[in-house]
Every structure is written in structure tokens, then in C-alpha cells.
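If you want the building blocks of each chain, they are given just below.
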Amino acid sequence: MLRPALAVLVLLALSCATTTPANNERIVQSIYDSFARGDAPAVLATFDPDIVWYEAENILYADRNPYRGPEAVAEGVFGRLMADFENFRVRVDETISEDDTVVVLGRYSATWKATNRPIDAQFVHVWKLRDGKVTNFQQYTDTAQFARAQSRP
């Protein structure tokens, strides 16, 4: 009699685990939602203390790749984005998840402050999570648009 009851408890515990692909998707979506609200502390709270963050090669912010730790990401990426762009927006179009990986496809839109030139660039973000925290991030985007926005006509 104890064995079936124990099996039910184990199945219930597994179904409530925090590392399911669906839960990882919810965590990643919460990051985009918090970013849209300008809630940096909520974004950073989802990061593992040892997060490793890579900006796309050839983008201005890749100069410090890899960023290690939430503070490095906050200062080296988020702070610089907000200083350089007006109305920086991230639109999520599709989310795909498998095990500990969440892939997000979407678009950035913003205006480079110094030149008043806009971007409308597609992106792919690859998020890795462990125990409900983001451990790794890799960005892929249209870096040519970012470069054009920075250059004066």
C-alpha cells in the first residue's frame, strides 16, 4: 500500500518541478515583461549570480563579452542601451523551449539618440536556465542596423 502512495507523491513532486520547459518559458517571458516596465531589479533577480552573457558579435556592446554576473550585464548592456537609445523596445514573436533552453525570436525597435536614426532589427535570444535561474544568454541580431543607426548620414 505504501508503494502506490509513494509513487503518487513522487509523480506529484515531479509535476511541480521548477525546471520544466514551460516554467522556463514563463521565467523568460517575465524577463521581457519586466524589461518593458523598466523594472531592472526584477530582471536581474532572474539571473544566476554566475550568469554568462554574450552580445552578438560585431555589435557595439560585444566589446566586453562575455559579461559575467548580473551587475556586469546591468552596467555593460542595459545601462548602455538606455543611454544610447530612445524608446528601446523588445517584441517577442515566438518562443521555443526544450529542456533547459528557451529560444526567443523577435524584433528590437528604437532610435539612436546621437543620430536620431531608427532600428527595427530581428533577433534571436538563446537562454539557458538551471533551477529557475538564467545561467547563460546569447544574442543574435542584425548588427548592420545598429551600425547604420550609429553613423551620421
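This text goes with the structure placed above it.
Residues numbered from 1 in each chain as written. Predicted model: local features only at pLDDT ≥ 70, side-chain atom pairs only at ≥ 80, totals over all residues. Heavy atoms only, no water.

## A short note on the sheet that holds strand 4 (residues 101–112)
Within a sheet, each strand pairs with its neighbour through backbone hydrogen bonds, oriented either parallel or antiparallel.
Next up, step 1: Judged by pairing direction, the sheet is mixed, and its 6 strands sit side by side in the order 2-1-6-5-4-3 without closing on themselves. Each having just a single partner strand, strand 2 (67–68) and strand 3 (85–98) make up the two edges of the open sheet.
Next up, step 2: Both strand 1 (residues 47–54) and strand 6 (residues 133–141) contribute to a ladder of 4 bridges, which runs parallel. If you follow Phe47 over to strand 6, its bridge partner there is Val134.
Next up, step 3: Seen against the sheet, helix 2 (residues 21–37) touches strand 1, strand 3, strand 4, strand 5 (117–130) and strand 6 and runs at an angle of roughly 175 degrees to strand 3.
Next up, step 4: The strands touched by helix 5 (residues 143–150) are strand 3, strand 4, strand 5 and strand 6; relative to strand 5, the strand with the most contacts, the crossing angle is about 135 degrees. (Pairing = 2+ DSSP bridges. Helix = DSSP H or I, 4+ residues; strand = E, 2+ residues; numbered from the N terminus. Contact = heavy atoms within 4.5 Å. Axes fitted to C-alpha atoms, helices over the stretch in contact; angles between N-to-C directions.)

## Here's the deal with the side chain of Gln139
Next up, step 1: In this structure, Gln139 sits in strand 6.
Next up, step 2: We classify Gln139 as buried; its relative accessible area is 3%.
Next up, step 3: Within the structure, Gln139 has its side chain in polar contact with the side chain of Tyr108 (distance 2.8 Å). (Buried < 20%, exposed > 50% of the residue type's maximum accessible area, 1.4 Å probe, protein only. Polar contact = N/O pair within 3.5 Å; in protein donor to acceptor, adjacent residues only side chain to side chain.)

## Looking at the nonpolar core
Next up, step 1: The biggest cluster of nonpolar side chains holds 33 residues, and the ones touching the most others in it are Phe47, Trp53, Phe85 and Trp127.
Next up, step 2: Taken together, the elements giving at least two residues each to this core come down to helix 2, strand 1, helix 4 (70–84), strand 3, strand 4, strand 5, strand 6 and helix 5.
Next up, step 3: In this structure, Phe85 is in contact with Tyr61, Ala110, Thr111, Trp112, Lys113, Ile119 and Phe146, ignoring residues within four places of it in sequence. (Core = buried A, V, L, I, M, F, W, Y, C linked by side-chain atoms within 4.5 Å.)

## As for the environment of Val126
Next up, step 1: Position of Val126 among the secondary structure elements: in strand 5.
Next up, step 2: Sequence-wise, Val126 and Tyr54 are 72 residues apart; in three dimensions their C-alpha atoms are separated by 9.9 Å.
Next up, step 3: If we skip the residues at most four places from it in the chain, Val126 touches Thr101, Val102, Val103, Asn136, Phe137, Gln138 and Tyr140.

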